[in-house]
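The primary structure of each chain is shown beneath.
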Amino acid sequence: MEPQIVQKLYDAKYRTILSFERYEELLNAGLRLIKENGLKKQCKPNEQSALEVGLDYITEVMLQH
């Protein structure tokens, strides 16, 4: 992960609703689910949140490059 993008996304979108620790947990879980083909299965609500954070990160990385 690129730390500056992680921090930028947290500051812009998640700071008011999540602690940084919880944000990192969701980001790691979301990226893991995406790698495990998590987009093709039904997700639990907490997995859905993790996927959203992971996809936000991936989108931001793609926009930076």
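Residues numbered from 1 in each chain as written. Predicted model: local features only at pLDDT ≥ 70, side-chain atom pairs only at ≥ 80, totals over all residues. Heavy atoms only, no water.

Novice: Looking at this structure, how should I read the packing of aromatic side chains?
Specialist: Two aromatic rings are characterised by how far apart their centres lie and by the angle between their planes. As enumerated under the stated definition, the model contains four aromatic pairs in all. Measuring from centroid to centroid gives 5.9 Å for F20 and Y23, while their planes differ by 45 degrees, and the two rings are tilted. Here the residue F20 and the residue Y23 both occupy positions in helix α2 (residues 20–35), the gap between them amounting to three residues, near one helical turn. Of the residues examined, F20 reaches a relative accessible area of 22% and is grouped as partly exposed. Classification of Y23 as buried rests on a relative accessible area of 0%. The rings of Y10, Y14, F20 and Y23 are connected pair by pair, giving a single aromatic cluster. (Phe/Tyr/Trp six-rings, centres within 6.5 Å; stacked < 30°, edge-to-face > 60°. Helix = DSSP H or I, 4+ residues; strand = E, 2+ residues; numbered from the N terminus. Buried < 20%, exposed > 50% of the residue type's maximum accessible area, 1.4 Å probe, protein only.)

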